[in-house]
2 protein chains.
Amino acid sequence: MKARKIFLTDDEIPRQWYNILADIKMNPPLGPDGNPISPDDLAPVFPMNIIEQEVSDQRWIDIPEPVLDVLTLWRPAPLVRARSLEKALNTPAKIYYKNESLSPPGSHKPNTAVPQAYYNKEFGIERITTETGAGQWGSALSFACCQFGIECNVYMVRVSFDQKPYRKSMMEAWGGRCMASPSNQTEAGRAALERDPNTPGSLGIAISEAIEAAVNDSTGKTRYSLGSVLNHVMLHQTIIGLEAKKQMDMIGQYPDVIIGCAGGGSNFAGLAFPFVQDKINGKQIEIYPVEPAACPTLTKGPFVYDHGDTAKYTPLLPMHSLGHAFVPPPFHAGGLRYHGMAPTVSQLVVEGLIEPKSVTQLDAYKAGVLVARSEGLIPAPETTHALACVVDEAIKAREEGKEKVILFTWSGHGLLDFGAYDKYFSGQLQNDVLPDEELAKSEKVFENHPKPQKLKSR
Amino acid sequence: MKARKIFLTDDEIPRQWYNILADIKMNPPLGPDGNPISPDDLAPVFPMNIIEQEVSDQRWIDIPEPVLDVLTLWRPAPLVRARSLEKALNTPAKIYYKNESLSPPGSHKPNTAVPQAYYNKEFGIERITTETGAGQWGSALSFACCQFGIECNVYMVRVSFDQKPYRKSMMEAWGGRCMASPSNQTEAGRAALERDPNTPGSLGIAISEAIEAAVNDSTGKTRYSLGSVLNHVMLHQTIIGLEAKKQMDMIGQYPDVIIGCAGGGSNFAGLAFPFVQDKINGKQIEIYPVEPAACPTLTKGPFVYDHGDTAKYTPLLPMHSLGHAFVPPPFHAGGLRYHGMAPTVSQLVVEGLIEPKSVTQLDAYKAGVLVARSEGLIPAPETTHALACVVDEAIKAREEGKEKVILFTWSGHGLLDFGAYDKYFSGQLQNDVLPDEELAKSEKVFENHPKPQKLKSR
């Protein structure tokens, strides 16, 4: 029996987050007038303590004690050597993963939900609104709000709301409220329903609804929360990579390749950013964000200024985007359906520090089942995208006879996603193809936006 | 921030199971002729290496290396201090739990599924049949069989099969096959359907089906596997309590009270037996198996010789039983619907070494939601029964001003049981009451059976 898991004790949890803004140059977000926005412009949407974090370029930021206290309900997360997968693939590669599926909601999402709920509470906020795609984020925020005694209202993309009723139940178990989006409770929702009463919904629309519900609340005690994309979200997620570094150190290893699935970018960034810092400082390391071929934001979308939501409530963000009106085909990785990508992750692609990959739905599930049958755990549909890339890299290592060290994030479990697995096993899933004309059409929306600079940090 | 979790490294996993048969006297199982059965009588049902373990009275039994290897996919399981629950209850009690929900199938069940699959494989068996109630056991055995390359056929009690389609999907993800029971593929199943075509099924019927399918297979390469009740199952589960003891030692604690939910008895026994050994040797400790008031095997059923299944395929076992034809009301803790109880657990009740408790369904869910909102994790319906007892004990400790140490098993997560939570939240759940006449009627089946002796081990 050889050891598989590397634990940190609760006391060894990282006490600071790593802020990549200290190490890269970024284009600023722009307001409706085309000028950089100020913190005050965001005040109706987020509490000021979070806005300050969003724009901070301090390299290390302390994690508040009450946040650490809740995080230790499940963190530090184990680093696991995927020995059974290595054996199944007969690869000389050493494969490690951070198991983020062990949190109460089942994904990495509470890593940022918990500090966000805490900062809102500190600022005197009593209710948080948000959107959710697959339901992972909505459940994470419900869980976090429950820990700090705040109300939580979640707009859930309708296609997922219908496919995964248990996510709503989970939110309710923690006292959250979950509505299908588009709803008839907001201007943005009603407009979307008017355009298409049978729309499956999209993250872009749901974000618009949640922002509107926060901003329009007359008590002033409601704010909005986003589970990905923004700088402070990436910051909070770096605890994944910081733990992983400590754990790799403990066994005298360092990764050659880092892999994470990327929807809005937070799970990928969480693992990768602390290693990107090393790469900026000269370390040799391959870093791959992996996205679905049916929503190829990084691999096919241009680097532009675009809105984060359909109704254009958000500032213009410098990012890779398929266009803020993009509605992807109904593939099953709900967490990877976003039209844009975190500006920080986008900037790293521009700089060539990370190299995006895309995989098809069928390849993703094939890898997911292979891994479930070796490592045991059932991966979330999002995670299977990372797994497809891991399997490719492990086979390449075998072919090249190289003892590579591969590190990836297991972003979540698939226990509430069996509907999709059933379809895969019964042959009902297919590879959605996005014709280039289709992409070009959806990208028209940012033709007249200002253009971001292709900054180089080094 | 105070530490919550006590980890063991993979290397610290226990290397031997504790066999309580070395420390207590037992009535023997009886064959159809009323005489004690021999190992050979069981040979068509189980492989001989497992039968030898079933009748062994060796106190410590080595865990085979390949079994340890698979167990470390998730074990050792963390011991967790439930600090947030303590705070929510404002109790001076220290509450600890073994988190058995972290295994791939989500419960303690693979602790025995893995060794059972291993021993069958060693014996040259190619296919295992079994029954499952809530689906936890069927998924655990599918997972374990997948690890050792054996086929797995699962008969799932129809009411759960319909309520929880995702359990079938989970079994299929690991390559298992799952059928609703009663099925039309066995004599026992067809007979049950003839008696009542709309029967919700029962564990007793499903066991009959699985045994029949194993015994009637003409290749001789099929055997049956049981997920609870039998001695070797309790043996395998003691890894829970043995780990817990090491972990309690590490922090200088010893429990005053031990609590586990009890259906067939294996989750309870797994935690409790290593501590029962201490109690036999003079240690002061309260030990409570907790069952549903609607299936009150230990608290209302007599200690008798009864069959483990409805079709009377199994030997007569000395145990507390509600009668082998008992079909409990359709409450939602599928894993606690069994008419009987492990003979070893039953014997401990007879001897007064452990003290059974029962709780109602509504009290169980109330405790489950309280705990989900403090500790975060969503408990399985079975686990909520233990939680109701934990909450009672913690409140008692507060009232008495005592710093009691309470230790319990978190037998599984409730992520595939949200249907039941939804009903609880919408007020559709009620407390099923079992009239005494009803119990007396179902107990008629063992009136003419031999009577077990009330043995005293001390």
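The preceding data block contains the structure.
Each chain has its residues counted from 1, running along the sequence as written. Both sets of labels track the order of writing: A upward for chains, 1 upward for ligands. With the structure being a predicted model, the display of local features is reserved for residues of pLDDT at least 70 and the display and counting of side-chain atom pairs for 80 or more, all residues being used for whole-chain, interface and lining totals. Only hydrogens and water are set aside when side-chain values are computed; all heavy atoms of the structure are taken into account.

(A) Up close: the overall build of chain A. Helix and strand content of chain A: 19 helices and 15 strands. Both definitions apply: the radius of gyration is a C-alpha atom measure, and the globule rule equals 2.2 Å times residues to the power 0.38. Taken over the C-alpha trace, chain A has a radius of gyration of 20 Å; the compact-globule value for 458 residues is 23 Å, and the two agree within 12%. The principal-axis extents of the C-alpha atoms in chain A amount to approximately 60 × 50 × 45 Å. Only protein chains enter the calculation, and the probe is 1.4 Å; a residue is then buried if its accessible area is under 20% of its type maximum, exposed if over 50%, and partly exposed in between. Residues classed as buried in chain A amount to 67% of the 458 residues present. A run of H or I in DSSP counts as a helix once it spans at least four residues, and a run of E counts as a strand once it spans at least two, with each numbered from the N terminus.

(B) Representation of the packing of helix α2 (residues 48-55) of chain A against helix α5 (residues 110-122) of chain A within the structure. All names here are of chain A. Fitting a line to C-alpha atoms yields each axis, with helices limited to the stretch in contact; the angle taken between N-to-C directions then spans 0 to 180 degrees. Between α2 and α5, whose axes approach to 8 Å, the crossing angle comes to 130°. If you check the angle between α2 and α5, you find them oblique. On α5, the residues that touch Asn49, Ile50 and Gln53 of α2 are Gln116, Tyr119, Asn120 and Glu122. Here roughly perpendicular refers to angles of 65 to 115 degrees, roughly parallel to angles under 35, roughly antiparallel to angles over 145, and oblique to all remaining angles. Any pair of residues with heavy atoms lying within 4.5 Å of one another is described as a contacting pair.

(C) Region of interest: the interface of chain B and chain A. On the side of chain A, 49 residues touch chain B, which itself brings 48 residues to the contact. Summed over both partners, the accessible area (1.4 Å probe) lost when two parts come together is defined as the buried area. For the chain B and chain A pair, buried surface summed over both sides reaches about 4200 Å², with 57% attributable to carbon and sulfur atoms. A pairing counts as a salt bridge when a side-chain nitrogen of Lys or Arg comes within 4 Å of a carboxyl oxygen of Asp or Glu. In this structure, the connection of chain B to chain A is made through 4 salt bridges. Notably, a salt bridge pairs B:Asp10 with A:Lys5, separated by 3.0 Å at the nearest N-O pair. Here a polar contact is taken to be a pair of N or O atoms separated by no more than 3.5 Å, where protein atoms must pair a possible hydrogen donor with a possible acceptor and residues adjacent in sequence count only if both atoms sit in side chains. Taken together, the links from chain B to chain A amount to 26 residue pairs in polar contact (both at pLDDT 80 or more).

(D) Fine view of the packing of aromatic side chains. Pairing of aromatic rings covers Phe, Tyr and Trp, the last counted by its six-membered ring, and requires centre-to-centre distances within 6.5 Å; plane angles under 30 degrees mean stacked, over 60 mean edge-to-face, and any other angle means tilted. For the structure on display, the rule yields 32 aromatic pairs over all chains. Arranged with centres 5.5 Å apart and planes meeting at 50°, the rings of B:Tyr18 and B:Trp60 form a pair that is tilted. Of this pair, B:Tyr18 sits in strand β2 (residues 16-18) while B:Trp60 sits in strand β3 (residues 60-62), and the two are 42 residues apart along the sequence. The partly exposed category is assigned to B:Trp60, whose relative accessible area is 33%. Grouping aromatic residues by their ring pairs yields a cluster made of A:Tyr166, A:Tyr365, A:Phe418, A:Tyr421, A:Tyr424, A:Phe425, B:Tyr166, B:Tyr365, B:Phe418, B:Tyr421, B:Tyr424 and B:Phe425. The positively charged end of A:Lys245 is found above the aromatic ring belonging to A:Phe275, 5.6 Å away from the centroid. When the ring centre of B:Tyr254 is taken as origin, the NZ or CZ atom of B:Lys283, which lies over that ring, is 4.3 Å away. Any Lys NZ or Arg CZ found within 6 Å of a ring centre and within 35 degrees of that ring's normal is scored as a charge over the ring.

(E) The sheet that holds strand β4 (residues 79-81) of chain A, seen in detail. Residue and element names in this part refer to chain A. At least two bridges found by DSSP between two strands are what make those strands a pair. Judged by pairing direction, the sheet is mixed, and its 7 strands sit side by side in the order β1-β4-β5-β15-β10-β11-β14 without closing on themselves. The open sheet has two edge strands, β1 (5-6) and β14 (357-359), and neither has a second partner. One ladder, built from 2 bridges, connects β1 with β4; its direction is antiparallel. Its bridge partner lying in β4, Lys5 is registered against Val80. Running over the sheet, helix α12 (residues 239-250) touches β1, β4, β5 (94-99) and β15 (405-410) and is turned about 140° from β5.

(F) Representation of the relation of the copies chain B and chain A. Fitting of the copies onto one another was done by least squares over C-alpha atoms, counting residues only where both copies have pLDDT of at least 70. With an RMSD of 0.0 Å, the fit of chain B onto chain A corresponds to turning through 180° and sliding 0.0 Å along the axis. Taken together, the rotation and translation relating the two chain copies correspond to the operation of a two-fold axis. Comparing interface residues between copies, 100% of those in chain B also sit at the interface in chain A, which points to an isologous, same-surface contact.

(G) Seen up close, the sheet that holds strand β9 (residues 222-224) of chain B. All names here are of chain B. An order of β8-β7-β6-β9 is seen for the 4 strands of this open sheet, with the pairing classed as parallel. Either end of the sheet is taken by a strand with one partner, and the two such strands are β8 (177-181) and β9. If you compare each strand with its neighbour and ignore which way they point, the axes differ by 25° on average. Relative to strand β7 (residues 151-157), helix α8 (residues 165-173) is tilted by about 175°, and along the sheet it contacts β6 (127-132), β7 and β8.

(H) Fine view of unusual backbone geometry. Residue and element names in this part refer to chain A. For the bond running from Arg75 to Pro76, omega is -5°, close enough to zero to count as cis. With respect to the element layout, Pro76 can be found in the loop between α3 (65-71) and β4. A cis geometry characterises the amide bond from Ser181 onward to Pro182, with omega recorded as 5°. When you line up the elements, Pro182 lands in the loop between β8 (177-181) and α9 (187-195). In this model, Asn90 sits at a positive phi of 50°, which is unusual for a non-glycine residue. Within the secondary structure layout, Asn90 lies in the loop between α4 (83-89) and β5. In this structure Asn90 comes out as exposed when scored by relative accessible area, which is 58%.

(I) Highlighting helix α15 (residues 343-350) of chain B. Residue and element names in this part refer to chain B. For α15, the buried fraction is high: 8 of the 8 residues fall into the buried class. Listing the buried residues of α15 in full gives Pro343, Thr344, Val345, Ser346, Gln347, Leu348, Val349 and Val350. Looking at the buried residues of α15, the elements they touch are α11 (231-237), α13 (266-280), α14 (297-300), β12 (303-307) and β13 (316-320). Taken from the residues just after α15, Gly352 is the one with a positive phi, measuring 75°.

(J) Expanded view of the state of the cysteines. Count a disulfide wherever a pair of cysteine sulfur atoms falls within 2.5 Å. Counted under the stated rule, the structure contains 0 disulfides over all chains. No disulfide involves A:Cys145; its nearest neighbouring cysteine sulfur is the one of A:Cys152, lying 4.1 Å away. Left unpaired, B:Cys389 is separated from the closest cysteine sulfur, that of B:Cys261, by 11 Å. Under the relative-accessibility criterion, B:Cys389 is labelled buried at 4%.

(K) Looking closely at the packing of α13(B) against α15(B). Residues and elements named next belong to chain B. Relative orientation of the contacting elements α13 and α15 amounts to 50°, with a least axis distance of 11 Å. Of the possible angle classes, the one that applies to α13 and α15 is oblique. The two elements α13 and α15 meet at a crossing, and its hand is left-handed. For the pair α13 and α15, the contacting residues are Phe268, Ala269, Phe273 and Val276 in the first and Thr344, Val345 and Leu348 in the second. For the contact of α13 with α15, a count of residues per class yields 6 nonpolar, 1 polar and no charged. Handedness of a helix crossing follows the sense of rotation of the near helix relative to the far helix, less than a right angle counterclockwise being left-handed and clockwise being right-handed. Three classes are used: nonpolar for Ala, Val, Leu, Ile, Met, Phe, Trp, Tyr, Cys and Pro, charged for Asp, Glu, Lys and Arg, and polar for all others, with Gly counted as polar.

(L) Expanded view of helix α10 (residues 203-215) of chain B. The terminal C-alpha atoms of α10(B), which comprises 13 residues, lie 18 Å apart, in line with the 18 Å expected from a rise of 1.5 Å per residue. Taken together, the buried positions of α10(B) are occupied by B:Leu203, B:Gly204, B:Ile205, B:Ala206, B:Ile207, B:Ser208, B:Glu209, B:Ala210, B:Ile211, B:Glu212 and B:Ala214. Here a helix's expected span is defined as the number of its residues, less one, multiplied by 1.5 Å.

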